[in-house]
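A look at the structure
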Amino acid sequence: MENTVLHRAETRGHANHGWLDSYHTFSFANYHNPDRMHFGVLRVLNDDRVDPGMGFGTHPHDNMEIISIPLEGDLEHKDSMGNTAVIKKGDIQVMSAGTGIYHSEYNHNKDRLTKFLQIWVFPNRKNVKPRYDQISLNEADRHNRLQQILSPDANDEGVWIHQDAWFHMGRFDKDTKLQYNLKKKGNGIYAFVIEGNVTIGNISLNWRDGLGIWNTDSIDITAGSQNAELLLMEVPMKI
């Protein structure tokens, strides 16, 4: 397939801080790869594992859309806007950092790991008023279909961000086939395999592999294993 970039799981940046074991699809912190700075406006895709009772102390962000997707366990959030919340598998959390926020994220549990995806997207509006939101999704609604979890529209399914981006998640029976049609011309799509094996076009992807595709109107998806789980992130290619 033309106009693609393939990121195998084992080629990601890796930082093990003891309490935090993190894999970086794109350059982040001490991992710097000039060929992997971002995919369009998708700036960060971190696959984090946090030990029981541990977490990220209070730290600042600004002018970034920050999305957290728990995969296992519970993540406790506190921020300078006064929000205190716990997100779990099936939830999605979003922050528009805008003019600036401080927040902390901790493993809420003292007896088990928390695993989550941390995603940063460049916004299409700078210096907006900071905001926080989280929702609980019905995971049954993504069985053999793509469940929308994020969009630019506050009245649409999922959470919303200041960007013309759409995220979907699906969990599929083996050999399930479907097509994803991009929502906006000029957007690309980045696929990340959470579990199992998936084929997109003629490219076979395994656990935690990522594939970016641009200059296309649609992609064809085939599940290569039972309970294959996929995250699709459609984003503008121009920052």
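Thresholds, definitions, all that
Per-chain numbering applies: the sequence of each chain, read as written, is numbered from 1 onward. Per-residue local features of the predicted model are confined to residues with pLDDT of at least 70, and side-chain atom pairs are confined, for both listing and counting, to 80 or more; whole-chain, interface and lining totals are unaffected and use all residues. Side-chain metrics in this entry use all non-hydrogen atoms of the structure; hydrogen atoms and water are not considered. Helix numbers and strand numbers start at the N terminus; a helix is a DSSP run of H or I with at least 4 residues, a strand a run of E with at least 2. We compute the radius of gyration from the C-alpha atoms alone; for a globule the expected value is 2.2 Å times N to the 0.38, where N is the number of residues. Only protein chains enter the area calculation, which uses a 1.4 Å probe; residues under 20% of their type maximum are buried, those over 50% are exposed, and those in between are partly exposed. Contact criterion: two residues are considered in contact whenever any of their non-hydrogen atoms come within 4.5 Å of each other. Each accessible area is a Shrake-Rupley estimate made with a 1.4 Å probe; only the visible protein chains count as cover when residues are assessed. Strands pair, by our definition, only if DSSP identifies at least two bridges between them. Note on method: axes are straight lines fitted to C-alpha atoms, helices fitted across the in-contact stretch only, with angles between N-to-C directions ranging 0 to 180 degrees. We define the nonpolar core as a collection of buried residues of types Ala, Val, Leu, Ile, Met, Phe, Trp, Tyr and Cys that are connected through side-chain atoms lying within 4.5 Å of one another. Residues enter patches when they are more than 30% accessible in relative terms and free of salt bridges; like-charged ones are connected within 9 Å and nonpolar ones (Val, Leu, Ile, Met, Phe, Trp, Tyr) within 5 Å. Throughout this description, the term salt bridge denotes a Lys or Arg side-chain nitrogen within 4 Å of a carboxyl oxygen of Asp or Glu. Think of it this way: Lys and Arg go in the positive column, Asp and Glu in the negative one, and His and the chain ends go nowhere. Where a charge lies is defined by one atom per residue type, namely NZ (Lys), CZ (Arg), CG (Asp) and CD (Glu).

**A short note on the overall build of the protein chain**
On a plain count of helices and strands, the protein chain comes out with zero helices and 22 strands. The C-alpha atoms of the protein chain give a radius of gyration of 17 Å, which matches the 18 Å a tight globule of 239 residues would have. By its C-alpha atoms, the protein chain is 45 × 40 × 35 Å across when sized along the principal axes. A buried classification covers 53% of the 239 residues belonging to the protein chain. Sequence-distant contacts, at least 24 apart, represent 71% of the contacts inside the protein chain between residues at least 6 apart. Summing over all exposed atoms, the protein chain offers an accessible surface of approximately 10,600 Å²; the carbon and sulfur share of this is 46%.

**A look at the sheet that holds strand β5 (residues 55-61)**
The strand order across the open sheet built from four strands is β5-β10-β7-β8, with neighbouring strands paired in antiparallel fashion. Two strands close off the open sheet at either side, each with one partner strand: β5 and β8 (84-88). When strand polarity is set aside, the average angle formed by the axes of neighbouring strands in this sheet is 20°.

**Overview of the nonpolar core**
Taken as a class, soluble globular proteins show a tendency for nonpolar side chains to be buried jointly. Formed by 27 residues in total, the largest nonpolar core has its most connected members in Ile 67, Ile 69, Ile 119, Phe 167 and Leu 231. Secondary structure elements with two or more residues in this core: β4 (42-50), β6 (65-72), β9 (91-96), β11 (114-121), β13 (147-151), β15 (166-172), β17 (187-195) and β22 (228-236). When residues no more than four places from it in sequence are discounted, the contact partners of Leu 231 are Ile 69, Leu 117, Ile 119, Ile 149, His 168, Met 169, Tyr 190, Ala 191, Phe 192 and Ile 194. Membership of the second largest hydrophobic core comes to 21 residues, among which are Ala 191, Ile 200, Ile 203 and Ile 221.

**Section: the sheet that holds strand β20 (residues 210-213)**
If you walk across this open sheet you meet the seven strands as β1-β20-β17-β22-β15-β13-β14, and the pairing is mixed. The open sheet has two edge strands, β1 (4-7) and β14 (159-160), and neither has a second partner. Pairing analysis gives four bridges linking β1 to β20, with the strands arranged antiparallel. Paired with Val 5 across the bridge in β20 is Gly 212.

**Concerning a negative patch on the surface**
Side chains of Asp 141, Asp 153, Asp 156 and Glu 157 sit close together on the surface and give a patch of like negative charge. Position of Asp 153 among the secondary structure elements: in the loop between β13 and β14.

**Quick notes on the pattern of salt bridges**
Per the counting criterion, the structure on display carries 15 salt bridges. The salt bridge partner of Arg 8 is Asp 209, with a shortest N-O separation of 2.7 Å. In this pair, Arg 8 sits in the loop between β1 and β2 (13-16) while Asp 209 sits in the loop between β19 (203-205) and β20, placing the two residues 201 residues apart along the sequence. Look at Arg 8 and you get partly exposed, because its relative accessible area is 26%.

The values reported here are purely geometric and, on their own, carry no functional implication.
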